[in-house]
Amino acid sequence: MFKLNLKIALRNLWRNKGITAINVGGLAIALAAFILVMLYFTYETSFDKTNPNYKNIYVVGRIYPDFKTNYTPPPLGKAIKQHFPEVEKMGITKGIFFELVLKNGNNTVFTNNFLQADYTAAEILDLKPTGGLEKPAGDVERLSYLSKESMKALFPNKTDNKPEMVTVGSSLMGIKNKINGSIINNPHSNVTFDGVSIGNELGQGENYGHNNYTTYLQLKPGTDVANLQEKITRLYHAELLKGETDRETIDKIKGISTFLDPLANQHLKPKAGNDAPYKILIALSVLGILILIIACVNFTNLSIAQATKRAKEVGVKKVMGAFRFQLALQFLTEILMQCFAATVLALILAELVLPGFNNLFLLKLSIWHADNGLIWQLPLILFLITVIAGIYPAMVLSGFKPALVLKGNFATSKQSYWLRNGLLVFQFSIAVIFIIGLFIINAQLKYMRSQDLGFKAEQVVYIKNIALFSDPDKFEPVREKILKIPGIKSATVATGIPNGTANGTNTYTSNGVQASINYLDVDFDYFETLDIKLKEGRFFSKAFKTDTANSAVINESAAAKYGLSNPIGQTIIGCNTNYKIVGVIKDFKDRGFENATQPTIYAIKDPCGNPKMEIMLKIEENKMADALAALKAQWPEINKLDGENFRYAFLDELYGKLFKKQEQLQSVFFAAAVLTVFIALLGLYAFAKYITNGRLKEIAVRKILGATDVQLLKLINSSFFILVVIANIISWPVAYIVTNMWLKTFAYRIDFPVLPFVTTTLITLLLTIVTVSIQAKKAVNANPVDALKYE
Amino acid sequence: MIKIEKLEKVYKTEEVETTALNGIDLYVKEGEFVSIMGPSGCGKSTLLNVMGLLDKPESGSYKFIDTELLTLNDRERSNFRKRNMGFVFQNFNLIDELTVFENIELPLIYNKVPATERKKLVNEIIERMNIVNRSGHFPQQLSGGQQQRVAVARALVTKPKLVLADEPTGNLDSSHGNEVMELLCELNETGTTIVMVTHSSHDASFSNRIINLKDGHVISEKVNKSRNEELI
């Protein structure tokens, strides 16, 4: 019997090749999207899961009245370990976030993230140097390990696991350091690094003010975390309050509490941070599930639209004594086969799309990876979609009354019309939201790319540098040498570059107003190099001796903040210096479009500032290549500290990275819009087929009575037209609220556009008419007698 | 063999109630060939559907040999049907996706007949129906008469006690119609009981007894003497 049923199924699918392809293909595409979402979900929720103590590891953090932080002082961890027996292990780490240049002969690697960890932290975090974790000897020894990739780059022919010596910094400086071996950097962990340096103890002699370590606790299983958290807060207060008498300080200390945050939450929803990634992940998962369910329902609809063709078969089989459950099982098996085909197809599709997906989100996901959970998830999904997509058609088909269907007249119930209409409206609503969203994202990105930034990042080259140039006299010889190279128009050094990073803030007083504003320390030619516009006064100039002592330039926002209507010549006091304002510049978008330009003061001399290290050059475009080559050649002479390690970046590219997130969003919306439109059209196609099949007789009669093709197409289209209009109207407020919320995250944004709403409506209506007409055309063109003969 | 008493069947829609069977009494003897005739809407198809257990009446009794069939549940009805009854329809109702051979084989599969025996039985009946060279064809490739012969073959392959035929010649021209009627007669002569619904008095003349229905009642019964004499 199975063989015959299989034959019927295959011959049927083959006879309706087009429908089968649409049905299986549609499901496959939705399933592929779902598989990607599932892979992403598994990846995002399994950071550090390979750590054997994953569930018992906590990060200690502190809560101030206005912010939370994971930075803790070294003595706190020690005190915790001493006082609370439920803490099995305690370890601390500290990052080094400046660039180290490591060399072995001509092989060079740059490390940006060298982690310092004490031995227990390395144990807790399951750090695995090749050859196993070793305990450093004594208090001073540090065991340094480089990531496998860096080790390979430095010592390409190394096969043993013996320590090696490397040069740190430029070879002229000649500092040597020992590297004990290589270590695996697991990108699928909250703790990532280019290298690790392990000591027995970190932060010796540092006190409770040195809040720049991360403290990890490994608790004994079954520990009452909430209780421990309270105890730690009490301990922290007790330690800080030792010898403290000042009332105000005591109150301040009591306002700080501590928390324990599971390692498992660090990646998606750390307490000291935001849970936006978690929310985005959940939203994405919901979207994935929704798309899959909708695709399943479409599958169901299309199957039922095809039901008339199987009615006779059901009737005949029932007459011959088939039980209903046998028939239901037969149809379920058929649908299982189709779903299986769709799953295989979906895997292929996902595999094809995955490189692009990885590229977009900077991930390395793979389908053929045993630990991604697909092995048990896929069969489960296959089973679920078979049930969701198959139960209803199986019930309907197996429920046909043989006495009716064998006479050739049967109609499916009209009860499900509301459900179907609702589903169609729902599908289109989602599609419309994504299309509108896509249009608005496009508009904002276009605006961001075309808008005047207030400065020119083009042809500005940023040079990485480890020498400190806070004193203008120290930079002057460097500048002179640089400017001798043809094509270089100007050179400057500052504490920061306009690539979106926040500047420091400090308190300044002027015009009787005290306010916290941003500060940036610059050198001569800073404004000229970046082509920033002057509003009044002047830029810094070597002609004025006072400029290297106490001159300041402020921006428009700062002038407004202090209410300075005539700022030139006024005094602004900060950092024990009485600055004289010599110029006001127009605000420029140094922090991209999301953050508004802050009130900022620019000075050459700043006792409170950080060292100036960021060199920027303006180079003529047509001499760019030559100038860069010359710079590289001359760099050991210009800047001994970096020597042959001449590294540069184009400022416009660095600034462009601020757009990366929006470009990701744009890609996601593009994919979602295409997918949801596709699925909505699929649903529409099935529905239109179903409706026209049900109206074949009506169409035939109308045609005999003289209706033209156009009139008939209009007739069939009109109900769908209304549904899609309703879907659009429903989506408008949702799309408005969501896109408006998104636009509000930008300090500089487009006026809310109306056009996307109109365009989207027109697009969806056009697609609807085309889809429905393709389906209706067949019915309209058919010979009316054929439809009536079934009587 | 069949004893029907006070059978009532009412079709209800939202507004109208139509009484299709209004207290019908009927008997059929084993080996009989009974025709049911009557105008459109008289209830003859409903009666046939009830007899074939495809439809349930509101009340009454339907005894087959000595078994009361109206109290059976769906499963039992299916079982009873597949063991005892064969059907022939006006519009043939062959499954388009299956070949002639497979169509005929289908009821045997539902009766759990082993494959080798199935093959034997199907081949036998194909030979008897004179459609040997058609066994690999699909229904659409056959003429109407041939399709109905396949349908009859399918109804007979399980050797049912009762064959129910619903206007078996309705979609055929007269020569093909006669072929099918002769086939049914032959079948009847080998002992199979047949109940046939028809519009055609020509077709009815092939049967032993003609029952006339109107508005859900039996209004007359006529024994076909010529045919019965033939039998003797």
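Calculation notes
- Residues numbered from 1 in each chain as written.
- Chains lettered and ligands numbered in written order.
- Predicted model: local features only at pLDDT ≥ 70, side-chain atom pairs only at ≥ 80, totals over all residues.
- Heavy atoms only, no water.
- Pairing = 2+ DSSP bridges.
- Helix = DSSP H or I, 4+ residues; strand = E, 2+ residues; numbered from the N terminus.
- Axes fitted to C-alpha atoms, helices over the stretch in contact; angles between N-to-C directions.
- Domains from an automatic or database assignment.
- pLDDT = per-residue confidence, 0-100.
- Core = buried A, V, L, I, M, F, W, Y, C linked by side-chain atoms within 4.5 Å.
- Buried < 20%, exposed > 50% of the residue type's maximum accessible area, 1.4 Å probe, protein only.
- Contact = heavy atoms within 4.5 Å.
- Buried area = accessible area lost by both parts, 1.4 Å probe.
- Salt bridge = Lys/Arg side-chain N within 4 Å of Asp/Glu carboxyl O.
- Polar contact = N/O pair within 3.5 Å; in protein donor to acceptor, adjacent residues only side chain to side chain.
- Nonpolar A, V, L, I, M, F, W, Y, C, P; charged D, E, K, R; others polar.

1. Remarks on the sheet that holds strand 23 (residues 614-619) of chain A
All names here are of chain A. The strand order across the open sheet built from four strands is 15-23-14-24, with neighbouring strands paired in antiparallel fashion. With partners counted over all chains shown, the strands left at the sheet margins are strand 15 (488-494) and strand 24 (647-650), one partner each. Neighbour-to-neighbour, the strand axes of the sheet open up by a mean angle of 25 degrees, direction not taken into account. Here strand 14 (residues 460-464) pairs with strand 24 via four bridges, running antiparallel. Within strand 24, the residue paired with tyrosine 462 across the bridge is alanine 649.

2. Brief notes about the domain arrangement of chain A
Domain boundaries assigned for chain A yield domain 1 (1-45 + 277-412), domain 2 (54-265) and domain 3 (466-641). A separation of 63 Å is found between the C-alpha centroids of domain 1 of chain A and domain 3 of chain A.

3. What to know about the confidence of the model for chain B
On average, residues of chain B score 86 in pLDDT, and 97% of them are at 70 or above. When pLDDT is averaged over each helix and strand of chain B, the minimum, 60, is found for helix 8 (residues 225-231) of chain B and the maximum, 93, for strand 8 (residues 193-197) of chain B.

4. Focus: the nonpolar core
The biggest cluster of nonpolar side chains holds 115 residues, and the ones touching the most others in it are A:Phe455, A:Tyr526, A:Phe527, A:Phe540, A:Tyr602, A:Leu651 and A:Phe720. No other element matches helix 13 (residues 417-450) of chain A, which puts 15 residues into this core. In terms of domain composition, this core takes at least three residues from each of domain 1 (1-45 + 277-412) and domain 3 (466-641) of chain A. Membership of the second largest hydrophobic core comes to 59 residues, among which are A:Val316, A:Ala322, A:Ala403 and B:Met85.

5. As for the interface of chain A and chain B
Listed as interface residues are 25 residues of chain A and, on the opposing side, 29 residues of chain B. Taken over both partners, the interface formed by chain A and chain B buries close to 2500 Å², and the fraction arising from carbon and sulfur atoms is 61%. When residues of chain A are sorted by the area they lose upon contact with chain B, A:Leu4, A:Met320 and A:Phe323 head the list and together hold 26% of the total. Counting the contacts that link chain A with chain B gives three salt bridges. When the shortest N-O distance is used, the salt bridge between A:Lys7 and B:Glu102 registers 2.4 Å. The tally of links between chain A and chain B comes to seven residue pairs in polar contact (both at pLDDT 80 or more). Grouping the amino acids of the side of chain A that touches chain B by side-chain chemistry returns 13 nonpolar, four polar and eight charged.

6. Thoughts on the sheet that holds strand 9 (residues 175-179) of chain A
All names here are of chain A. The antiparallel open sheet is built from four strands, whose spatial order is 5-4-8-9. Of all strands in the sheet, those bounded by a partner on one side alone are strand 5 (107-111) and strand 9. Mean inter-strand twist for the sheet, computed between neighbouring axes without regard to direction, equals 35 degrees. Looking at chain direction, strand 4 (residues 100-104) and strand 8 (residues 164-168) are connected through two bridges and run antiparallel. Bridge assignment links leucine 102 to a residue of strand 8, and that residue is valine 168.

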